[in-house]
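Topology and contacts: notes
The chain contents come next:
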Amino acid sequence: MYDNLESNSTKYIIERKPEIWKVEPSTAAKNCRNFIREIVDNLDLKPNPEKPVIALSIGDPTVYGNLKASEEAIKAVQNVLEDGSFNGYTSSVGNQEAREAVAEYLSHDGVEVNANDVILCSGCSSSLEHCITVLADGSKNQNILIPRPGFPIYRTLAEHVGVEVRYYNLIPENKWEADLYHLESQIDENTAAIVINNPSNPCGSNYSEEHLRNILEIAYRYRIPVIADEIYENLVFPGEKFISTASLNSCVPILICGGIAKRFLVPGWRLGWIVVHDEIGAFDDVRKALNCLSQRIIGSNTLIQGALPAILKSTPQSAFDSLIGTLLRNSQIAFEGLQQAKGLTPYMPQGAMYMLVEIDMEKFPNFKNGLDFAQKLMEEESVFCLPGECFAISGFMRIVTTVPEDVIQEACTRMAEFCNRYYVK
Ligand SMILES: *Cc1c(COP(=O)(O)O)cnc(C)c1O
């Protein structure tokens, strides 16, 4: 059988035609879509060469360099790096002291978290992936409810594992609260989880205790667990109070996702967490399954885990206050600036790092839709904002409020000029 091996191999080399051999990616991989990229890559984005580009589109607070990680956080990482004690593997659910530090950090205002309830993940995105994967089963035709407008990664993660997403509407005039009737109407016997994102990306909303209770009441009535994306916890403006779903004693089993990316201004450090909040033992098996899921990548970056207790304990309140001050000032500048723009309605946020602006498309007959509007705004004013379509809503655009003050000011001036030029009564 092996006699002809040599001549056979030679023959294969001679006949090799690279173009006829294609490797087919798996269905799971093909089901993995980035909805922001799909939209943005299809826009023809050519800035006006006369005007410097202002990107109000990037949800990374570090890009302009005006917002920096605290010295304490940087020192914390330096210390563990030099110390050399966190170069190895740790438990896949996370280092014990780091989990204890997260538990302590989140235990306030009636919330009590135990270190055993905490799983450390590779960023909050990875926390969300675990939560969706552990609760929803694509092979059983299950679905999850997600907010519209909302962060597109929920859909990416769900559809990747064959889980259907169903949107529930948020109401702009009600500070982007969920339309509870619509939410309830989306539930069926295959609904495996309801995702709540508070404070919200892209809305910048911060829900009241009453509204959160109303959502949890529906979840309780239908016995549906909740995934609460609380990555913007405590990033709320003065006079607002952040309420964690964990503080409400709702009897609803909740997986809370969070991390240090936004509040600590270090998205690249990739450290997130899941807190299993379960007053009634409903999640006993889910806890074990989450443990298994964490073993797929043998846990998250150990170095940052080693620094986590010091990051969480020693970052001074003044660092958070200063960030919130910037977000509030920028939101006010944008809110006032864009009210000068005919055909635009800005919705003042209560927190997070974003503001949604409604575009009265009927008053802009020159533009086919919100995508066209965003494209022309770039072409003429070199200002780029993500169209609402990236968040599953049309007739809106999202601006980020983490940029320097003079940048947001200039962007709003240009946007107002643009709108006033094209507005038709
Ligand atoms: C930024 C963001 C995340 C992702 O956080 P990472 O820790 O960077 O993975 C999750 N949810 C929302 C709503 C976000 O805006």
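Residues numbered from 1 in each chain as written. Predicted model: local features only at pLDDT ≥ 70, side-chain atom pairs only at ≥ 80, totals over all residues. Heavy atoms only, no water.

Description of the overall build of the chain
Counting secondary structure elements, the chain contains 14 helices and 14 strands. Its C-alpha atoms give the chain principal-axis dimensions of about 80 × 65 × 55 Å. When contacts within the chain are restricted to residue pairs at least 6 apart in sequence, those whose partners lie at least 24 apart make up 74%. Looking at the chain as shown, the accessible area adds up to about 19,700 Å², and 50% of this sits on carbon and sulfur atoms. (Helix = DSSP H or I, 4+ residues; strand = E, 2+ residues; numbered from the N terminus. Contact = heavy atoms within 4.5 Å. Areas by Shrake-Rupley, 256 points an atom, 1.4 Å probe, with all protein chains shown as cover.)

A word on helix α4 (residues 71-83)
Taking 1.5 Å as the rise per residue, α4 with 13 residues should run 18 Å; its terminal C-alpha atoms sit 18 Å apart, in good agreement. If you check which residues of α4 are buried, you get Ala 73, Ala 76, Val 77 and Val 80. For α4, the angular spread of the buried residues around the axis is 90°, confining them to a single face. In α4, those exposed residues whose orientation departs by more than 90 degrees from the buried face are Glu 71 and Glu 82. Buried residues along α4 sit against α11 (302-314). Of the residues one or two after α4, Gly 84 is the one with positive phi, at around 75°. (Expected span 1.5 Å × (residues − 1). Buried < 20%, exposed > 50% of the residue type's maximum accessible area, 1.4 Å probe, protein only. Arc of directions from axis to C-beta.)

A few points about the environment of Asn 87
Of note, Asn 87 is situated in the loop between α4 and α5 (96-106). Spatially, the C-alpha atom of Asn 87 lies 22 Å from that of Ser 314, the residues being 227 residues apart in sequence. Of the polar contacts made by the side chain of Asn 87, one reaches the backbone oxygen of Gly 84; its length is 3.5 Å. (Polar contact = N/O pair within 3.5 Å; in protein donor to acceptor, adjacent residues only side chain to side chain.)

Quick word on the packing of aromatic side chains
By the definition in use, this model includes 16 aromatic pairs. Ring geometry for Phe 151 against Tyr 154: centres 5.9 Å apart, planes inclined by 75°, an arrangement best described as edge-to-face. Residue classification places Phe 151 among the partly exposed positions, given a relative accessible area of 25%. With a relative accessible area of 0%, Tyr 154 lands in the buried category. Where Phe 364 meets Phe 373, the ring centres are 5.4 Å apart and the plane angle is 70°; that geometry is what we call edge-to-face. The rings of Phe 364, Phe 367, Phe 373, Phe 418, Tyr 422 and Tyr 423 are connected pair by pair, giving a single aromatic cluster. In this arrangement the basic side chain of Arg 223 is found over the ring face of Tyr 220, its NZ or CZ atom lying 4.3 Å from the centre. Over the ring of Phe 320 we find Arg 263; its NZ or CZ atom is 3.6 Å from the centre of that ring. (Phe/Tyr/Trp six-rings, centres within 6.5 Å; stacked < 30°, edge-to-face > 60°. Lys NZ or Arg CZ within 6 Å of the ring centre and 35° of its normal.)

Remarks on the nonpolar core
Soluble globular proteins tend to pack their nonpolar side chains together in the buried interior. Ranked by size, the top nonpolar core spans 74 residues in total, and within it Ile 144 and Phe 373 carry the most contacts. Looking at this core, the element that brings in the most residues is helix α14 (residues 405-422), giving nine residues. The residues that make up this core include at least three from each of domain 1 (32-67 + 318-422) and domain 2 (71-314). Non-local contacts of Phe 373, meaning those with residues more than four positions away in its chain, are made with Leu 344, Ile 359, Phe 364, Phe 367, Met 397, Phe 418 and Cys 419. Membership of the second largest hydrophobic core comes to 57 residues, among which are Val 77, Ala 178, Ile 254 and Leu 356. (Core = buried A, V, L, I, M, F, W, Y, C linked by side-chain atoms within 4.5 Å. Domains from an automatic or database assignment.)

Re the packing of helix α13 (residues 370-381) against α14
At their nearest, the axes of α13 and α14 sit 11 Å apart, and the two run at 115° to each other. Taken as axis vectors, α13 and α14 run roughly perpendicular relative to one another. Judged by the twist between their axes, the crossing of α13 over α14 is right-handed. Residues Phe 373, Lys 376, Leu 377, Glu 380 and Glu 381 of α13 form the contact with α14, whose participating residues are Arg 414, Met 415, Glu 417, Phe 418, Cys 419, Arg 421 and Tyr 422. Class assignment of the residues belonging to the contact of α13 with α14 gives a composition of six nonpolar, no polar and six charged. (Axes fitted to C-alpha atoms, helices over the stretch in contact; angles between N-to-C directions. Parallel < 35°, antiparallel > 145°, perpendicular 65-115°, else oblique. Left-handed = near helix turned anticlockwise from the far one by under 90°. Nonpolar A, V, L, I, M, F, W, Y, C, P; charged D, E, K, R; others polar.)

Let's talk about the pattern of salt bridges
Applying the stated criterion to the full structure yields 22 salt bridges. The partner of Asp 360 in a salt bridge is Lys 363, and the shortest N-O contact between them spans 3.4 Å. For Lys 363, a relative accessible area of 24% puts it in the partly exposed group. The partner of Glu 410 in a salt bridge is Arg 414, and the shortest N-O contact between them spans 2.7 Å. (Salt bridge = Lys/Arg side-chain N within 4 Å of Asp/Glu carboxyl O.)

Looking at the side chain of Arg 414
With respect to the helices and strands, the residue Arg 414 is situated in helix α14. The exposure class of Arg 414 is buried, given its relative accessible area of 5%. Side chain to side chain, Arg 414 and Glu 410 meet in a polar contact 2.7 Å long. When residues no more than four places from it in sequence are discounted, the contact partners of Arg 414 are Lys 51, Pro 52, Ile 54, Glu 381, Ser 382 and Val 383.

Things to note about the domain arrangement of the chain
Segmentation of the chain into domains returns domain 1 (32-67 + 318-422) and domain 2 (71-314). Taken together, the contacts link 32 residues of domain 1 with 33 residues of domain 2. Both sides together, the interface formed by domain 1 and domain 2 hides about 2,900 Å², and carbon and sulfur atoms give 71% of it. Summed over the three residues of domain 1 that lose the most area to domain 2, namely Phe 35, Phe 320 and Gln 350, the buried surface amounts to 24% of that side. Our count for the contact surface shared by domain 1 and domain 2 stands at zero salt bridges. (Buried area = accessible area lost by both parts, 1.4 Å probe.)

Focus: the site of the ligand
In the neighbourhood of the ligand, 14 residues make up the surrounding shell, with Cys 124, Ser 125, Asp 229, Tyr 232 and Lys 262 lying closest. Residue Ser 125 places a side-chain N or O atom 2.4 Å away from an oxygen atom belonging to the ligand. Arg 270 places a side-chain nitrogen or oxygen 2.8 Å from an oxygen atom of the ligand. Burial of the ligand by the surrounding chains reaches 93%, relative to a free accessible area of 390 Å². Cavity membership is defined here by more than half of the atoms lying within 2 Å of grid points; on that basis the ligand lies in the largest pocket. (Near = heavy atom within 4 Å. 1 Å grid on protein atoms, 1.4 Å probe; cavity = no way out; pocket = protein on both sides within 12 Å on 5 of 7 lines; lining within 4 Å. Sits in = over half its atoms within 2 Å of the grid points.)

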